[in-house]
Amino acid sequence: MKRLFLSLLCVVALTVAATAQSQRPQFGEQPKLVVGIVVDQMRWDYLSRYYDRFGSDGFRRLIDRGYSFDNCLINYLPTITAIGHTSAYTGTTPAFHGICGNTFCIDGKKTYCCDDDTVKPVGSDNEKAGCMSPRNLLATTIGDQLRLHTDFRSKVIGVSYKDRAAILPAGRSGNAAYWLDTQNRQFISSTYYMTELPQWAKDCNKLVAKNETFKEMGKEIGMSPVTGQLITDMAIAALKGEQLGKGTVPDMLCVSYSQTDVIGHKWATRGEHTDEAYLELDKDLARLFQALDSEVGQGNYLVFLTADHGGAHNFKFMQDHKLSGGKWVSSDIRRELETYLMNKLHNQMPLVQAIYDYRFYLDHAMIAKEGLDLQRVKDVAVEFLRQCPHISFVVDFEKAQQTAVPQMLRERIICGYNFHRSGDIIVCPDPGYYDFGRYSSPIGTTHGEWNPYDAHIPLLFYGWHIPHGATPREVHITDIAPTVCSLLHIQQPNACIGKSLLLNAD
């Protein structure tokens, strides 16, 4: 009897192993289409919070039939939109890919991540919205590697409400990126990609311009879940118009949903607005998946869904429930720091150029003009910031290895540091405290820190050769790109530091 039981156990084990093995693609096998989805400011716990309210064909299709990495963390600082989108698709961090925030300084010059004055808008005359490209991106993406592998026969297209969320995932060699010009109520691109919108995009824009909610809300459309519908419309139009997934090599569609971030900044993590945003997004995903089923076929496409960052609970909400939290006002800190520096160093002009995402950019040119030593200025600034309330750690980037901070935090600081683009000093506020200013209303929230509320994000795979399962083991946002590339049997992006993840069937 015991021998029979052991024999049966061996059969079951071999069957499970064979089933798991059958899920793995063999050399020569590739999906027809890869679809990357990034949901802006989506906390990991939203998957369970809304699970019972989701329909069966949106998020739950991924959860119930796909594979979930339940402990996916962002492994750099700060946790910001442009960085998150870039890191997911490059498999690396700002230290290597160079996208150090939505806005940052490059050798002292203020730079928006996608600004490019060498290009012009396409589909609009709005130069502020349309003079955009991925020229500041230093590393290749999944899509770049796919195009290299196929001698540029693969098509790679990005679609989003935000320019950076469409442009950066598509990479430097992407065929096209489309984003919303809210002033003119249409999706646009730039001459980096094309000289004229394709007819299918023009046709889609006719419907976008007629959208009643867009007409009513105008530039504020990002605060409406309708934005998710418009992004989905454009993604499906691109899928059909470009015949994605119907060629002899794989194509890639990068779709980023940004309305969730705008709504989060305005109304935070709780309440009817956030609930509506995710329940409507669930319907948008279902519609996208149904279009993929129809156009490409179930089992022929590979999907991954993640987020660029999470979001903190509103500090007042936390305080009302006797939990730790508060606001940290960088504009006040900057003013007080300038006074402290003048009292200590006797400089005549301000020495702080900017504060972006908890990082202090000192004005190196002005420091030299004042005849001051840069390291001395940094030391005095650190001295002041360590006296400020509700700051856990202050780190001079150049001295990060020698600073008494936890190893995990030190590694994230170093991974987020680019010598030419990240500034001089970074601070880490106490848990629950965040920078209260332009991007966080009194009832809203923001992001940017190392804490789980900002750094713990969903990571779901579904479709082609993906088994059903889940794991609690720690993985990172930088593991997405090498995993997708491994499944495709193509080279990893050229600055990739992530690891290819093994998806084991239940």
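Predicted model only: the values in this text are computed from it and were never measured. (Residues numbered from 1 in each chain as written. Predicted model: local features only at pLDDT ≥ 70, side-chain atom pairs only at ≥ 80, totals over all residues. Heavy atoms only, no water.)

Here we take up the overall build of the chain. Helix and strand content of the chain: 20 helices and 19 strands. Over its C-alpha atoms the chain spans a radius of gyration of 24 Å, differing by no more than 12% from the 23 Å that the globule rule assigns to 506 residues. Overall, the chain is about 80 × 70 × 50 Å in size when its C-alpha atoms are taken along their principal axes. Sequence-distant contacts in the chain: of pairs separated by 6 or more residues, those separated by 24 or more amount to 72%. Accessible surface, the chain: about 20,600 Å² in total, of which carbon and sulfur atoms supply 53%. Of the side chains in the chain, 51 bear a positive and 56 a negative charge, and the two mean positions are spaced by 2 Å. (Helix = DSSP H or I, 4+ residues; strand = E, 2+ residues; numbered from the N terminus. Rg over C-alpha atoms; globule rule 2.2 N^0.38 Å. Contact = heavy atoms within 4.5 Å. Areas by Shrake-Rupley, 256 points an atom, 1.4 Å probe, with all protein chains shown as cover. Lys, Arg positive; Asp, Glu negative; His and termini not counted. Charge placed at Lys NZ, Arg CZ, Asp CG, Glu CD.)

Counting 114 residues, the largest nonpolar core has Ile-37, Tyr-178, Met-252, Leu-292 and Val-484 as its most contacted members. Apart from residues no more than four positions distant in its own chain, Leu-292 is found in contact with Leu-33, Val-35, Leu-239, Gly-297 and Tyr-301. (Core = buried A, V, L, I, M, F, W, Y, C linked by side-chain atoms within 4.5 Å. Buried < 20%, exposed > 50% of the residue type's maximum accessible area, 1.4 Å probe, protein only.)

Considered as a void within the structure, the second largest pocket measures approximately 320 Å³ in volume. Contributing to the lining of the second largest pocket are 20 residues, with Asp-107, His-364, Phe-419, His-420 and Asp-424 lying nearest its centre. For the lining of the second largest pocket, the secondary-structure elements that each account for two or more residues are strand E13 (359-362), helix H16 (364-369) and helix H17 (374-385). The residue inventory of the lining of the second largest pocket, partitioned by class, reads seven nonpolar, six polar and seven charged. (1 Å grid on protein atoms, 1.4 Å probe; cavity = no way out; pocket = protein on both sides within 12 Å on 5 of 7 lines; lining within 4 Å. Points joined across faces, edges and corners; volume = space filled by probe spheres on them. Nonpolar A, V, L, I, M, F, W, Y, C, P; charged D, E, K, R; others polar.)

The strand order across the open sheet built from four strands is E12-E13-E15-E14, with neighbouring strands paired in antiparallel fashion. Every interior strand has two partners, whereas the edge strands, strand E12 (352-356) and strand E14 (391-396), have only one. Direction aside, neighbouring strands of the sheet carry axes that sit 20° apart on average. Where E12 meets E13, four bridges bridge the pair, whose relative direction is antiparallel. What sits directly across from Ile-355, in E13, is Phe-360. (Pairing = 2+ DSSP bridges. Axes fitted to C-alpha atoms, helices over the stretch in contact; angles between N-to-C directions.)

Below, the discussion takes up the side chain of Thr-483. Locating Thr-483 in the fold gives a position in helix H20 (residues 480-488). On the basis of relative accessibility, which here comes to 1%, the residue Thr-483 falls in the buried class. When residues no more than four places from it in sequence are discounted, the contact partners of Thr-483 are Phe-461, Lys-499, Ser-500, Leu-501 and Leu-503.

Tracing the backbone through its elements, the reader meets Gly-143 in helix H7 (residues 142-149). By relative accessible area, Gly-143 is classed as buried at 0%. Remark: the alpha-carbon pair of Gly-143 and Arg-270, spanning 127 residues in sequence, is separated by 35 Å. Filtering out sequence-adjacent residues up to four positions away, Gly-143 remains in contact with Val-156 and Met-252.

For the rest of this paragraph, the subject is the pattern of salt bridges. Per the stated rule, a full pass over the model turns up 24 salt bridges. For the salt bridge of Arg-60 with Asp-64, the shortest nitrogen-to-oxygen distance reads 3.5 Å. Placement of the pair is Arg-60 and Asp-64 together in helix H3 (residues 59-65), with a separation of four residues, close to one helical turn. Asp-64 sits in the partly exposed class, given a relative accessible area of 33%. The salt bridge involving Asp-357 is made with Arg-359; its shortest N-O contact spans 3.2 Å. Bridged by salt links that share partners, the residues Asp-57, Arg-61, Arg-65 and Asp-293 form one connected network. (Salt bridge = Lys/Arg side-chain N within 4 Å of Asp/Glu carboxyl O.)

Turning our attention to the confidence of the model for the chain. Taken over all residues, the pLDDT of the chain has a mean of 94, while the share at 70 or more is 94%. Residue range residues 4-22 is modelled with pLDDT below 50. Its contacts to residues more than four positions away, or to other chains, number two contacts. (pLDDT = per-residue confidence, 0-100.)

This brings us to H20. Judged by how many residues are buried, H20 sits mostly within the fold: eight of nine residues are covered. Among all positions of H20, only Ile-480, Ala-481, Pro-482, Thr-483, Val-484, Cys-485, Leu-487 and Leu-488 are buried. At its buried positions, H20 is contacted by strand E1 (33-39), helix H4 (81-90), H7, strand E10 (301-306), strand E18 (459-463) and strand E19 (469-476). Immediately downstream of H20, the backbone of His-489 shows phi near 60°, a positive value.

Another point: the packing of aromatic side chains. Going through the model one piece at a time under the given rule, you end up with 19 aromatic pairs. Relative to Phe-461, the ring of Phe-304 has its centre 6.3 Å away and its plane inclined at 45°; by these criteria the two rings are tilted. With a gap of 157 residues between them, Phe-304 in strand E10 and Phe-461 in strand E18 connect regions that are remote in the sequence. Residue Phe-461 is classed as buried on the basis of its relative accessible area, which comes to 0%. Through a chain of ring-to-ring contacts, the aromatic side chains of Tyr-46, Tyr-50, Phe-54, Phe-59 and Tyr-278 assemble into a single cluster. Residue placement shows Arg-60 over the ring face of Tyr-51; its charged tip is 4.1 Å from the ring centre. (Phe/Tyr/Trp six-rings, centres within 6.5 Å; stacked < 30°, edge-to-face > 60°. Lys NZ or Arg CZ within 6 Å of the ring centre and 35° of its normal.)

Time to look at the side chain of Thr-141. Relative to the elements of secondary structure, Thr-141 occurs in the loop between helix H6 (127-130) and H7. With near-sequence residues (within four places) excluded, Thr-141 lies in contact with Tyr-89, Thr-90, Leu-168, Pro-169, Ala-170, Gly-171 and Pro-493.

Okay, H17 next. With twelve residues, H17 extends 17 Å from end C-alpha to end C-alpha; this agrees with the ideal 16 Å at 1.5 Å per step. Looking at the packing, one finds that the buried side of H17 touches helix H15 (330-345), E13, H16, E14 and strand E15 (425-429). The backbone nitrogen of Gln-375 has a side-chain oxygen 3.3 Å away, supplied by the residue at the start of H17, namely Asp-373. (Expected span 1.5 Å × (residues − 1). Polar contact = N/O pair within 3.5 Å; in protein donor to acceptor, adjacent residues only side chain to side chain.)

What follows is about empty space enclosed by the protein. As enumerated under the stated definition, the model contains two cavities of 30 Å³ or more in all. As a volume, the largest cavity reaches approximately 40 Å³. Lining of the largest cavity is provided by Leu-77, Pro-78, Asp-357, Tyr-358, Ile-426, Val-427, Cys-428, Gly-448, Glu-449 and Trp-450. Considering only residue class, the lining of the largest cavity consists of seven nonpolar, one polar and two charged.

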